[in-house]
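# Examination of the molecular architecture
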Amino acid sequence: MKGVFLVTGASRGLGRSIALEVAKSGNTVIALARPSIDLDNVESELQTIDKESIAIGCDMALESEISTAVTQIKQRFSHLSGIIHNAGTISPISNLMDAPREVWERAIKVNLVGVQDLTQSLDSIIGGQSHTRILTISSGAAQRSLHGWSAYCVSKAGLDMWTKCVAEEGVNENISAVAIAPGIVDTAMQKEIRDADESDFPLLPNFIDYYRNGELSNPDDVAEKLLPFCLGESGENGDRLDVRNL
Ligand SMILES: NC(=O)c1ccc[n+]([C@@H]2O[C@H](COP(=O)([O-])OP(=O)(O)OC[C@H]3O[C@@H](n4cnc5c(N)ncnc54)[C@H](OP(=O)(O)O)[C@@H]3O)[C@@H](O)[C@H]2O)c1
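The structure contained in this document is the topic of the report that follows.

What counts and what doesn't
- Within each chain, residue numbers correspond to sequence positions counted from 1 in written order.
- Reporting of local features is limited, given that this is a predicted model, to residues whose pLDDT is at least 70; pairs of side-chain atoms are given and counted only at 80 or more, and all residues count toward the totals for whole chains, interfaces and linings.
- Secondary structure elements follow DSSP: runs of H or I no shorter than four residues count as helices, runs of E no shorter than two count as strands, and numbering proceeds from the N terminus.
- To get the radius of gyration, use the C-alpha atoms; to get the globule rule, take the number of residues to the power 0.38 and multiply by 2.2 Å.
- Whether a residue is buried, exposed or partly exposed follows from its count of other C-beta atoms within 10 Å of its own C-beta, namely 20 or more, 12 or fewer, or something in between, respectively; the C-beta atoms are built from the backbone.
- C-beta atoms are first placed from the backbone for all residues, and any pair lying within 7 Å is then listed as a contact.
- Contact assignment follows one rule, namely that a residue is near a molecule or strand if its backbone-placed C-beta atom lies within 6 Å of it.
- Three classes are used, and their members are as follows: Ala, Val, Leu, Ile, Met, Phe, Trp, Tyr, Cys and Pro are nonpolar, Asp, Glu, Lys and Arg are charged, and the others, Gly among them, are polar.
- Strands qualify as paired when DSSP identifies two bridges or more between them.
- Note on method: axes are straight lines fitted to C-alpha atoms, helices fitted across the in-contact stretch only, with angles between N-to-C directions ranging 0 to 180 degrees.
- Whether a crossover is right-handed comes down to one check: with the strands pointing away from the viewer, does the path from the first strand over the helix to the second run clockwise; if it does, it is right-handed.
- Roughly parallel means an angle under 35 degrees; roughly antiparallel, over 145; roughly perpendicular, 65 to 115; everything else is oblique.
- To form a nonpolar core, buried Ala, Val, Leu, Ile, Met, Phe, Trp, Tyr and Cys residues must be joined through C-beta atoms within 7 Å.
- Note on convention: near helix rotated counterclockwise from far helix by under a right angle means a left-handed crossing. Clockwise means right-handed.
- To obtain the arc, one takes the directions from the helix axis to the C-beta atoms.

In terms of helices and strands, the protein carries eight helices and seven strands. Against the 2.2 N^0.38 benchmark of 18 Å for 246 residues, the protein shows a C-alpha radius of gyration of 17 Å, consistent with a compact globule. Overall size of the protein, expressed as C-alpha extent along the three principal axes, is 50 × 35 × 35 Å. Scored against the burial criterion, the 246 residues of the protein give a buried share of 46%. Sequence-distant contacts, at least 24 apart, represent 71% of the contacts inside the protein between residues at least 6 apart.

Below, the structure written as structure tokens:
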């Protein structure tokens, strides 16, 4: 049966690939990101596959924009079969002691607090009589501290535990939650990492080598692997997985 899936960070990179993959599997997609031409283009691409799919502009750092987005979603759809929490930012890449407070805080909001805000606000149209799968896009940085990535590491570690908490409480609500780390994927985020200053990010040469040696995976290939987990067909409630082991 056709379902409705919300994909955050769908304007480019992995989120765009996930959104298109979910639509191609016969579902409607709500593609969320900040307003941009990229997001408009994704909406057009989605609508050639599924006419009911839409894009919604929303800054995940802003509670007021999340609230407006949720109103738009609820006006149009009565139930979500899945939420793919993919939106994320790696910024600031900076020594912890030098990180600008507002940028550090913003990362925690986008990667973690916004995820809670969005999900909580959608409470009335998830779970219940029909199942909802919540998939969070994790990172190796959730389990390993990397010099210069403090806000990212902290927020992704928090997101892993948030996912486990949803899994715990979702059991009686017909909601399942799974976190998956996607590996190293060839997206704008990896370019931002390679553009960092080595004094802020001592592992920079390793990430340049991964790129030069062709070790980054293609976002479309990763999205294909993630699809059954997005749809709730694979993955046990509470799992924390890595794409490279699937
Ligand atoms: N690439 C990797 O190697 C890698 C590895 C591990 C985990 N991940 C995770 O995979 C996910 C996707 O990353 P990616 O590599 O595809 O990165 P990306 O190319 O930089 O895309 C990030 C997406 O998140 C959205 N986003 C960022 N800030 C936002 C905000 N304030 N409000 C709403 N949307 C926002 C962006 O949209 P706009 O900027 O247009 O709003 C974009 O669609 C992230 O959660 C990332 O942490 C990536």
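As a matter of local geometry, the ligand sits amid 29 residues, with Gly-9, Gly-13, Arg-34, Gly-88 and Thr-187 nearest to it. Elements with a contribution of two residues or more to the shell around the ligand: helix H1 (13–24) and helix H6 (188–194). Each residue belonging to the shell around the ligand can be placed in one class, and the counts come to 14 nonpolar, 11 polar and four charged.

A few words on the sheet that holds strand S4 (residues 82–85). Reading across from one edge, S3-S2-S1-S4-S5-S6-S7 is the order of the seven strands in this open sheet, with parallel pairing throughout. The outermost strands of the open sheet, each flanked by one partner alone, are strand S3 (54–57) and strand S7 (240–242). Averaged over neighbouring strand pairs, the angle between their axes works out to 20° when direction is ignored. Bridge count for strand S5 (residues 132–137) against strand S6 (residues 175–181) is six bridges, and the pairing is parallel.

On a regular strand, one side chain projects to one face of the sheet and the next to the other, so that they alternate. The buried fraction of strand S1 (residues 4–8) is high, at five of five residues. Along S1, one buried face is formed by Val-4, Leu-6 and Thr-8 and the opposite face, lined by Phe-5 and Val-7, is buried too. Handedness of the β-α-β unit built from S1, H1 and strand S2 (residues 28–33) comes out right-handed.

Moving on: unusual backbone geometry. Across the chain, the bulk of peptide bonds are trans and the bulk of non-glycine residues have phi less than zero. Geometrically, the link from Ser-91 to Pro-92 is a cis peptide bond, its omega value of 10° lying close to zero. Here Pro-92 lies in the loop between S4 and helix H4 (101–121).

Two elements in contact, H4 and helix H5 (residues 150–170), have axes separated by 9 Å at closest approach and are oriented at 10°. In terms of their interaxial angle, H4 and H5 are classed as roughly parallel. From H4, Trp-104, Ala-107, Ile-108, Asn-111, Leu-112, Val-115 and Gln-116 reach across to H5, where they touch Ala-151, Tyr-152, Val-154, Ser-155, Lys-156, Gly-158, Leu-159 and Trp-162. Of the residues contributing to the contact of H4 with H5, the split by class is 10 nonpolar, four polar and one charged.

A few words now on the nonpolar core. Counting residues in hydrophobic clusters, the biggest one holds 72 residues, and the most contacted among them are Val-7, Ala-19, Ala-31 and Leu-32. Ranked by residues supplied to this core, first place goes to H5 with seven residues. With residues near it in sequence (within four places) discarded, Leu-32 still touches Leu-6, Val-7, Thr-8, Ala-10, Ile-56, Cys-58 and Ala-69.

A few words on the packing of helix H3 (residues 63–76) against H4. The packing of two helices is summarised by the inter-axis angle and the distance between the axes. Packing of H3 against H4 leaves a shortest axis separation of 10 Å and a crossing angle of 30°. Between H3 and H4, the angle falls in the class roughly parallel. Relative to H4, the crossing made by H3 is right-handed. Note on element contacts: H4 touches H3 through Gly-114, Asp-117, Leu-118 and Ser-121, opposite Glu-63, Ile-66, Ser-67 and Val-70. Grouping the amino acids of the contact of H3 with H4 by side-chain chemistry returns three nonpolar, three polar and two charged.

Quick look at helix H8 (residues 219–230) now. Residues of H8 that are buried include every one of Pro-219, Val-222, Ala-223, Leu-226, Phe-229 and Cys-230, and no others. Seen along its axis, H8 keeps its buried residues to an arc of 100°; they face one direction. Looking one or two places after H8, you find Gly-232, whose phi comes out positive at around 85°.

This paragraph deals with the environment of Thr-71. When you line up the elements, Thr-71 lands in helix H3. When the 11 C-beta atoms within 10 Å are taken as the criterion, Thr-71 is described as exposed. Considering only alpha carbons, one finds Thr-71 and Arg-101, 30 residues apart in sequence, at a separation of 31 Å.

With respect to the element layout, Leu-203 can be found in the loop between H6 and helix H7 (204–212). By C-beta crowding, Leu-203 is classed as partly exposed, having 14 other C-beta atoms within 10 Å. For the pair Leu-203 and Met-1, spaced 202 residues apart in the sequence, the C-alpha separation amounts to 46 Å. Apart from residues no more than four positions distant in its own chain, Leu-203 is found in contact with Leu-146 and His-147.

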